[in-house]
Amino acid sequence: MFTDPLLWARLQFALTSGVHYMFVAFTLGMAPLILVAQGSALLRRDEARLAAVRFWGGLYVVNYGMGVLSGLVMELQLALNWSGLNDVFGHVFSAPLAVETVAAFFTESTFLGLWIFGWDRMNRWLHLACFGVVTLTAYLSAFWVLVANGFLKNPVGFALRDGVAVLTDPVALVTNPAALLAFAHVATSALLVGGLVMAGVSAYHLRRGNDPDGMFRRGVRRGVVVASLALFPTPAAGGAQYSLAGAPPTSGLTLSSAEIAEIEAARPESTMVLAEVGNGVMTLCWTVFFLVLPVALLAWLVRRLDRWRWLHWLLSVMPVLALLAGVAGWLYRELGRQPWAVWHHMTTAEAITPLSVPHAVASFVVFTGAFAVLAGITWWLLVRYARRGPHGGPLAPAPSGDDAPAVPVHTY
């Protein structure tokens, strides 16, 4: 079993993509909340609310760093370990990834840098606009990645010429139902993650009696409301993807019906078992959400959300369950597509780069080992800064005093 390079390559991609998605969900979920919080602080001319923005923004920045690094590594291993996929479908599959890297990712990083270093140095509305661009491009980045992923699940908009796929219909590629439904699911589930992170961190501080200027009372309320709003749309968008369970419209273009049936008949039973495990974990997490969030929403309506300490304990663990549910959902989605790399056109065995077992093992050890170390450090930093509160984060205001550097500070 472990002498098969394909197994090592699949394990490597599964582990690294699962870790990467945790940081993506955090980024997508927190960005709109931070944007709204900063806009509210500016409209109210409230320094206390702006301090809260710095706190949540500091967690966002720490998470973003690992998200960028893991995303770059993900694209690198696509080129190194899956050259068969790139040789045949690279002109189609890689096009949206190139747009994501050049147009969305670079723009997002640039404006996030302006936002980080522009505190108290640029016009406050221009500063807010910078994070508006960050939020927009974060979702655009996710969209283009899902266009590529949607093509693997529902290949459309291409033709084969001399054994190589070429893009013939960009509109069909961008409007692929597999991509649009996946984007709706990821966007709503990310808001659930963001809401639960804000509610969970706020609940932790409320349990400890640490609530400077009421920022965590506001945080737990906002987080619960956002998570509750995303609670029903998320499984609805996820369930809608079952409508694409049949053969893609291009089925038969590469392989005959008999060849497709033979490949699917040989699907390993273990793959479906693992997929069902992912589905079971996801279902368990969602059961908890449907039990806890309505209670939290009721507590908010009766003005007891910031007082019920037993509920704060439950909310403090919800972010972990939200991230676990997201990874389990992706496991179920991607394993359900096996043994196809491109549905009804190319198997994962055909998509892999020819590797010896030692090379495949070395790649697995290096990539997953580095991911484990970096992810562990990032999570440790996130927990550390989250526990410190607004005055100990990476974007906390510089200490005032004779030794503090003189910088222009906007007043309200």
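The protein chain appears in an unreviewed UniProt entry as Highly similar to cytochrome D ubiquinol oxidase subunit I from Thermobifida fusca. If you open the UniProt record of the protein chain and go to Subcellular location (unreviewed entry), you find "Cell membrane". Quoted verbatim from the Sequence similarities (unreviewed entry) heading of the UniProt record, the comment on the protein chain is "Belongs to the cytochrome ubiquinol oxidase subunit 1 family."

So, the nonpolar core: which residues are in play, and what are the values?
Counting residues in hydrophobic clusters, the biggest one holds 75 residues, and the most contacted among them are Met30, Trp56, Tyr60, Trp115, Phe289 and Leu315. The element best represented in this core is helix H6 (residues 177-207), accounting for 13 residues. In this view, leucine 315 contacts Ala199, Gly200, Ala203, Val220, Val224, Val292, Ala296 and Leu305; residues no more than four positions away in its chain are not counted.

Describe in detail the packing of helix H1 (residues 5-44) against helix H11 (residues 309-335), supporting the description with residues and values.
At a closest axis distance of 9 Å, the pairing of H1 and H11 adopts a crossing angle of 140 degrees. The angle between the axes of H1 and H11 places the two elements in the oblique class. Between H1 and H11 the crossing geometry is right-handed. Residue-level contacts link Arg10, Gly18, Tyr21, Met22 and Ala25 of H1 to Leu323, Gly326, Val327, Trp330 and Leu335 of H11. The residue inventory of the contact of H1 with H11, partitioned by class, reads seven nonpolar, two polar and one charged.

Pulling in residues and values, what's your account of the packing of H1 against helix H4 (residues 124-153)?
Where H1 contacts H4, the axes come no closer than 10 Å and their chain directions differ by 160 degrees. One way to sum up the angle between H1 and H4 is to call them roughly antiparallel. For the pair H1 and H4, the sense of crossing is left-handed. Here H1 contributes Leu28, Gly29, Ala31, Pro32, Ile34, Leu35, Gln38, Gly39, Leu42 and Leu43 to the contact with H4, which in turn contributes Arg124, Trp125, His127, Leu128, Phe131, Gly132, Thr135, Ala138, Tyr139 and Ala142. Class assignment of the residues belonging to the contact of H1 with H4 gives a composition of 13 nonpolar, six polar and one charged.

Conventions and cut-offs
- Sequence order as written defines the numbering, with residues in each chain counted from 1.
- With pLDDT at 70 or above as the cut-off, local features in this predicted model cover only qualifying residues; side-chain atom pairs require 80 or more to be listed or tallied, and sums for whole chains, interfaces and linings still use all residues.
- In computing side-chain values, all of the structure's heavy atoms are included and hydrogens and water are not.
- UniProt positions are given in the numbering used here, feature names are shortened, and annotations may be inferred rather than shown by experiment.
- Nonpolar cores are built from buried Ala, Val, Leu, Ile, Met, Phe, Trp, Tyr and Cys residues. Side-chain atoms within 4.5 Å join them into one set.
- Burial classification: accessible surface area is computed with a 1.4 Å probe over protein chains only, and a residue below 20% of its type maximum counts as buried, one above 50% as exposed, and the rest as partly exposed.
- The secondary structure listing takes helices from DSSP runs of H or I that are at least 4 residues long and strands from runs of E that are at least 2 residues long, numbered from the N terminus.
- Any two residues having at least one pair of non-hydrogen atoms within 4.5 Å are treated as being in contact.
- As a rule, the C-alpha atoms of each element are fitted with a line to give its axis, helices using only the stretch in contact, and angles between N-to-C directions run from 0 to 180 degrees.
- In what follows, roughly perpendicular refers to angles from 65 to 115 degrees, roughly parallel to angles under 35, roughly antiparallel to angles over 145, and oblique to any angle outside these ranges.
- Crossing handedness is read from the near helix: turned anticlockwise from the far helix by less than a right angle, it gives a left-handed crossing, and turned clockwise, a right-handed one.
- Each residue receives one of three labels: charged for Asp, Glu, Lys and Arg, nonpolar for Ala, Val, Leu, Ile, Met, Phe, Trp, Tyr, Cys and Pro, and polar for the others, Gly being one of them.

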